[in-house]
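Okay, here's what each chain looks like letter by letter:
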Amino acid sequence: MYKRDHNSFQTVIQDVQQARFLCHSSLISSATAAPSASGSIIADGKSLKTGPIAQTPWTFFADAEITSGECTAAIAAEIPDCYTITLPANPHKGQRGQFRTPLAPADGTTYYASWTSNIPSAGVSLFGDEGFHLFELFSSDIGAFSYVGITDNQVFLTVPNGTVTAPTPLSGFTDRNAFHQIELVTGPNGKIDFNVTDKVSGERLLTFLYNGQVGGKDVSFHVGSTRSNPVHGQTGFVENVGQFSYEKRA
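As a starting point, this report considers the structure included with it. (Residues numbered from 1 in each chain as written. Predicted model: local features only at pLDDT ≥ 70, side-chain atom pairs only at ≥ 80, totals over all residues. Heavy atoms only, no water.)

## Here's the deal with the overall build of the protein
We apply this condition: Think of it this way: any DSSP run of H or I at least four residues long counts as a helix, any run of E at least two long counts as a strand, and we number them from the N terminus. Each residue gets one of three labels from its accessible area relative to the maximum for its type: buried under 20%, exposed over 50%, partly exposed in between, using a 1.4 Å probe on protein chains only. Residue contacts are defined here by distance: any two heavy atoms, one from each residue, within 4.5 Å place the two residues in contact. Under the convention used here, a 1.4 Å probe and the Shrake-Rupley method define accessible areas, while residue burial counts only the protein chains that appear.
Scanning the protein for helices and strands turns up two helices and 18 strands. Expressed as a percentage of its 250 residues, the buried residues of the protein come to 54%. Here the analysis covers contacts within the protein between residues at least 6 apart in sequence; of these, 68% occur between residues at least 24 apart. Per element, the accessible surface of the protein, about 10400 Å² overall, is 54% carbon and sulfur.

Structure (structure tokens):
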């Protein structure tokens, strides 16, 4: 396992505090957007928008820009219901473009979720502690307790006990359709079984198995781009995501 104990990686506690700030802001009132038609903007990046994802239990929650139907043909071939999240360069505030499952009891129940993402490499450079997350496990009483983050162009996963996986270069995740699968057993005897593979080649990009306490009183999956520490000079970031699946298994 890898511990972030040098200057390029900030403490896990700082990242979690920033994630809690963004996630708990879901308690504020927000405008609700209707489901979009192909090629339309479902969140404009100017105010907080929420709304359902058709024929799924997922909802979007965003103060970043999210559009639908604008993926390239090659990406859309693997992600037919593709949504594009755009975070601007030189941000003046934290922003997120997230897709969320409903809060569900963390009482020993098993949940499964999957989705596909594609991050274009053009212009992407994430340095320092931007508080940048691609995925979060969230409880309403304790905030984001596990997440996939990016620091210094390295992708890592943090689990509930503070352990951080060995970082993987962000370049290994860009310009490919990454299929994410997670099986979650909640409660004190919980489990997080998380795998990311290249949907075309089958190459494994990230894998992790954790056993221990999972969640507080409830749990929700948050998928998408979140930047909580805006710094002048940061580059923009684009993520295409879709093919959401979610089910209760036991």
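## Some thoughts on the pattern of salt bridges
How we decide: The term salt bridge refers to a pairing of a side-chain nitrogen on Lys or Arg with a carboxyl oxygen on Asp or Glu at a separation within 4 Å.
Enumeration according to the criterion identifies eight salt bridges in this entry. Here R249 ties to E183 by a salt bridge, and the two come within 3.5 Å at their closest N and O atoms. With R249 in the segment after strand 18 (237–248) and E183 in strand 14 (residues 178–185), this residue pair connects regions lying 66 residues apart in the sequence. For R249, a relative accessible area of 42% gives the class partly exposed.

## Remarks on the pairing of strand 3 (residues 49–52)
Formally: DSSP-based pairing: two strands are paired if at least 2 bridges between them are found.
Taken together, the four bridges between strand 3 and strand 4 (residues 59–62) define a ladder with antiparallel strand orientation. Bridged to T50 within strand 4 is F61.

## Things to note about empty space enclosed by the protein
This is how the line gets drawn: In this analysis the probe radius is 1.4 Å and the grid spacing 1 Å, with only protein atoms considered; a cavity is a set of points the probe fits into but cannot get out of, a pocket is an open set with protein on both sides within 12 Å along at least five of seven lines, and lining residues have an atom within 4 Å of a point. Grid points are joined across faces, edges and corners, and a volume is the space filled by probe spheres set on the points. Throughout this entry, Asp, Glu, Lys and Arg are counted as charged residues, while Ala, Val, Leu, Ile, Met, Phe, Trp, Tyr, Cys and Pro are counted as nonpolar. The remaining residues, Gly among them, count as polar.
Scanning the model with the defined rule gives one cavity of 30 Å³ or more in all. The space that makes up the largest cavity amounts to roughly 110 Å³. Lining the largest cavity we find 14 residues, and of these S117, L134, V148, F173 and H180 sit closest to its centre. Split by residue class, the lining of the largest cavity holds eleven nonpolar, two polar and one charged.

## Examining the sheet that holds strand 14
Rules: Note on definitions: angles span 0 to 180 degrees between N-to-C directions of axes, and those axes are lines fitted to C-alpha atoms, for helices only across the stretch in contact.
On the basis of which strands lie adjacent, the open sheet formed by eight strands has the order 2-5-6-18-9-14-15-16 and antiparallel pairing. In this open sheet, the two strands that pair with only one neighbour each are strand 2 (41–44) and strand 16 (204–214). Averaged over all pairs of adjacent strands, the angle between strand axes in this sheet comes to 20°, irrespective of strand direction. By the bridge criterion, seven bridges tie strand 9 (residues 110–118) to strand 18 in an arrangement that is antiparallel. Residue pairing across strands places Y112 opposite E247, the latter belonging to strand 18.

## Focus on the state of the cysteines
The criterion, for reference: Criterion for a disulfide: a pair of cysteine sulfur atoms at a distance within 2.5 Å.
Summed over the entire model, instances satisfying the criterion amount to one disulfide. Bridging C71 to C82, the disulfide has an S-S length of 1.8 Å. On the sign convention where negative is left-handed, the bridge of C71 and C82, at about -55° about the S-S bond, is left-handed. Placement of C71 in the loop between strand 5 (65–68) and helix 2 (73–78) and of C82 in the loop between helix 2 and strand 6 (83–87) is noted, with a sequence separation of eleven residues between them. Taking the relative accessible area as the measure of exposure, C82 reaches 5% and is therefore buried.

## Quick notes on the nonpolar core
Heads up, the condition is: Joining through side-chain atoms within 4.5 Å is the link that ties buried Ala, Val, Leu, Ile, Met, Phe, Trp, Tyr and Cys residues into a set, and such a set is a nonpolar core.
Core analysis: the largest hydrophobic core is formed by 49 residues, its most contacted members being F99, F194 and F221. What F99 contacts, discounting residues up to four positions off in sequence, is I53, W58, T59, F60, I66, Y83, I85, F221, H222, V223, V241 and F244.

## Considering the side chain of S228
Spelled out, the test is: As used in this structure description, the phrase polar contact means that two N or O atoms lie within 3.5 Å; if the pair is within protein, one of them must be able to donate a hydrogen and the other to accept it, and residues adjacent in sequence are counted only when both atoms belong to side chains.
For S228, the position within the fold is in the loop between strand 17 (218–227) and strand 18. Looking at S228, its side chain comes within polar contact range of the main-chain oxygen of G131, at 3.2 Å.

## Considering the environment of F221
With respect to the secondary-structure elements, F221 resides in strand 17. Residue class for F221 comes out buried when judged on its relative accessible area of 1%. In this structure, F221 is in contact with W58, F99, R100, T101, Y111, A113, F135, E136, L137, I182, L184 and Y246, ignoring residues within four places of it in sequence.

## Regarding the pairing of strand 18
Alignment of strand 6 against strand 18, held across five bridges, turns out to be antiparallel. From the neighbouring strand, L87 faces strand 18, where its bridge partner is F237.

## What about the environment of P57?
If you trace the backbone, P57 turns up in the loop between strand 3 and strand 4. The class of P57 is partly exposed, set by a relative accessible area of 38%. Each C-alpha atom of the pair P57 and F244 lies 9.1 Å from the other, and the pair is 187 residues apart in sequence. Dropping the residues within four chain positions of it, P57 is found in contact with R100, P102 and Y246.

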